[in-house]
Amino acid sequence: MALHVHSFFYFWFVVMIFVVVFFTAPSVSQRQATGSCNGILLSYAYTGGLQLPPNVSDPAEQPYRFSSTLTVLNNGLEELRSWRVFVGFQHGEWLVSASNAVLADGTSLPGSVENGTVLSGETVRDLKTAVATAGDLNQMQVRVDMVGTLLGVAPPSVPMPSSVTLANDGFLCGQPSGQGSNETHVCCTSDPNFKTNITTEEEFLPRQKGDLSITYDIIRTYDSDYWAEVTIANHNPLGRLDNWRLSWDWNNNEFIHTIKGAYPLNVDSSDCVFGPQGLFYKELDFSNVLNCERRPTIVDLPPTMFNNTDFGKIPFCCRNGTILPPTMDPSLSSSRFQIQVFKMPPNLNRSKFSPPHNWEIKGTLNPDYACGNPIRVSPSESPDPTHPPSNKSAIASWQVVCNITNTKREARKCCVSFSAYYNESVVPCNTCACGCSNPERTCSATSQAMLLPPEALLVPFQNRTEKARAWAEIQHLNVPNPFPCGDNCGVSINWHLVTDHRSGWSARITLFNWGEASFADWFAAVRMEKAAKGFEEVYSFNGSLLDGVDGTIFMQGKKGLNFLVAETDGSNPRRDPRVPGKQQSVISFTKKNTPGIDVVGGDGFPSKVFFNGEECSLPSVVPSSGTRMEVSLATMMFLVLFLWILFMRQ
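No experiment lies behind these values; they were computed from the predicted model shown.

Novice: Would you mind showing me how to read the sheet that holds strand β19 (residues 357-362) here?
Specialist: Backbone hydrogen bonds are what pair the strands of a sheet, in a parallel or an antiparallel way. Strand order in this open sheet of 4 strands is β16-β17-β14-β19, and the pairing throughout is antiparallel. The sheet terminates laterally at β16 (262-264) and β19, the two strands that pair on one side only. Going across the sheet, the axis of each strand differs from the next one's by a mean of 25 degrees, ignoring polarity. Examined bridge by bridge, strand β14 (residues 245-249) and β19 share 4 bridges and lie antiparallel to one another. When the sheet's bridge partners are listed, Arg 245 is paired in β19 with Lys 362.

Have a look at this one:
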């Protein structure tokens, strides 16, 4: 028995070793192709597939998952710049993911590739030679692991592409080898006179739409340096950035010499002085260089710097990093600055540019943005200030599209409480709505928030414990032990249902700022799918239905009153709690355009609330109308009893 168990484990150990070797080592055919190719070796291997639901009657329409690997290896004597490979998919393929690569036509994944597609490098764009790297495969080779869906080719049949070829000019590809199995190899050798006939639909990719776009325009160029103009444009009607910080990665040891319209977060040239930049630019005074970080962070300048000759005088610059939504003010929905970038060998050519990658932009109390890769677009045009009305074209342009993300995360930056005229209690913000990274032992991060009396909304959450306990005793409510933690939100909003009558109803919205920084040009928005059509007026704010976003009411402070101040000390700081900055307004609705609306039942409360573009945390319940109904019934019974007694005495 022991021998049998030992043999069993030995067998599976050998199997595992075989699997590891099989999947990590190059195949025999690939090793043979590598040794015989003195150019660019393309290898495509189908690695597996399985049937996907649903089951369909037509075998040609049955979907299957496939996985495959494309390998591009430089075995030549010249560096392959900006590699591009055409894969002739032919089975209705839908590509879900591709590591280390993007679709050269700008299509985002998942996307259809049924007519074939051109893949280009994402992070590894250039492949160096064995001579230049002493045979380092990490610099000579790129591996693209693809996963997708295809139609009609059931395992064990192998859905190979019709062709795999290099799409770069100057290379002539030979006949594929290994066709008919699960691998194919193509060797492409240098031929300076050869022009590929594989192109994307346009010379430049179409500009993409997104919540936020960043344009990187080359406006002046020299052999060793160039000037780029960076424009951040907000397109989302509810998106916003305050104190924006923009970061990226350089590809080839570039560094920033000068900036106009913005400034680096860290002014430091030490990486250049002790790096390859200092060895190459021996005559350059690096004390004037602003930033040599591989990943710099750029911040906006204050308005006082707009007319500064050295750092300002750039349109749309110098606004303390504030970018408003176009619904508020289109002229304040973008930001711009210019940078002088010094290049390093071998890119010392006035026509060679490598835009930075891994773009990231952040604000303070704002949504989170996820940015894509830069794509080459047609050169931007702008009015020529020296020869109006002519337009001036950029030398080259790239676009980075960023979209709002993390809308369902647990920790937010603002929260909402609900209250109503028919219920004395306030449904507060959720426990730890904006995070409880280190909850104290005396409070619970998971217990449901306690109902509050209305006056508690004016007290910081760390001072509400006594009021919540006293209110629980009056209302005969349970008190968790330990007590729930606060919401920890810098901004809280109360939505109070004021009235509900036959022809209309009204609500009051109150904004509280518990932070140390004031909010200039603030805005708020509430989404009310059923009630928005009945919106009439916001009395103390400027308010309107938002175009393009169904069921959303947009509000902002009136001119001169658009400043939500920070939290301040109470009248007696030793005794009184701090006082939040506060603004409020009543909103009126009519029922004429919303027949059947149940205001008290939930239709009178928003389903989403935004402050400065950030989606706030909402309570999971609305105030109950049960208390009102019980009081009304008791009153009616008392009146009936009173009238009966009077009747009996007569």
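On we go from here.
Novice: Help me understand the side chain of Glu 229 in this model?
Specialist: For Glu 229, the position within the fold is in strand β13 (residues 225-234). One polar contact links Glu 229 to Gln 338, side chain to side chain, over a distance of 2.9 Å. Discounting chain neighbours no more than four positions away, the residues touching Glu 229 are Thr 215, Tyr 216, Asp 217, Ile 219, Arg 336, Phe 337 and Gln 338.

Novice: Hey, could you run me through the pattern of salt bridges in this one?
Specialist: It is possible for side chains of opposite charge to pair when their charged atoms get near one another. Scanning the model with the defined rule gives 14 salt bridges in all. The residue Arg 240 makes a salt bridge to Asp 242 at a minimum N-O spacing of 2.8 Å. Looking at Arg 240, the relative accessible area reads 1%, which means it is buried. Each of Asp 249, Arg 294, Arg 295, Glu 360 and Lys 362 takes part in salt bridges that share partners, so that together they form one network.

Novice: When you look at the pairing of strand β4 (residues 94-98) in this model, what are you seeing that I'm missing?
Specialist: Here β4 runs beside strand β6 (residues 111-112); their pairing, made up of 2 bridges, is antiparallel. Note that in β6 the partner of Trp 94 across the bridge is Ser 112. Strand direction decides the pairing type here: β4 and strand β8 (residues 141-151), joined by 4 bridges, are antiparallel. Residue Trp 94 lies in a different strand from β8, and its bridge partner there is Thr 149.

Novice: It is not clear to me how the nonpolar core should be interpreted in this structure. Could you clarify?
Specialist: Across soluble globular proteins, you tend to see nonpolar side chains buried next to one another. Of all hydrophobic cores here, the largest spans 37 residues; its most connected members are Ile 493, Trp 495, Trp 505, Ile 509 and Phe 611. With residues near it in sequence (within four places) discarded, Ile 493 still touches Cys 415, Val 416, Ser 417, Ile 509, Thr 510, Leu 511, Val 609, Phe 611 and Cys 616.

Novice: Just to check I follow, could you spell out the state of the cysteines for this structure?
Specialist: A covalent bond bridging the sulfur atoms of two cysteines is what the word disulfide describes. Counted according to the given criterion, the structure contains 10 disulfides. One disulfide in the model links Cys 173 with Cys 188; its S-S distance is 2.0 Å. Of note, the bridge from Cys 173 to Cys 188 carries an S-S torsion of about 100 degrees and is right-handed in sense. Of this pair, Cys 173 sits in strand β10 (residues 171-173) while Cys 188 sits in strand β11 (residues 183-190), placing them 15 residues apart in sequence. We classify Cys 188 as buried; its relative accessible area is 0%. Shown here is the disulfide that connects Cys 317 with Cys 318, its sulfur atoms set 2.4 Å apart. Disulfide Cys 317-Cys 318: the torsion about the S-S bond is -70 degrees, which places it as left-handed. Both residues of the pair, Cys 317 and Cys 318, belong to the buried class.

Criteria and cut-off values
- Residues numbered from 1 in each chain as written.
- Predicted model: local features only at pLDDT ≥ 70, side-chain atom pairs only at ≥ 80, totals over all residues.
- Heavy atoms only, no water.
- Pairing = 2+ DSSP bridges.
- Helix = DSSP H or I, 4+ residues; strand = E, 2+ residues; numbered from the N terminus.
- Axes fitted to C-alpha atoms, helices over the stretch in contact; angles between N-to-C directions.
- Polar contact = N/O pair within 3.5 Å; in protein donor to acceptor, adjacent residues only side chain to side chain.
- Contact = heavy atoms within 4.5 Å.
- Salt bridge = Lys/Arg side-chain N within 4 Å of Asp/Glu carboxyl O.
- Buried < 20%, exposed > 50% of the residue type's maximum accessible area, 1.4 Å probe, protein only.
- Core = buried A, V, L, I, M, F, W, Y, C linked by side-chain atoms within 4.5 Å.
- Disulfide = S-S within 2.5 Å.

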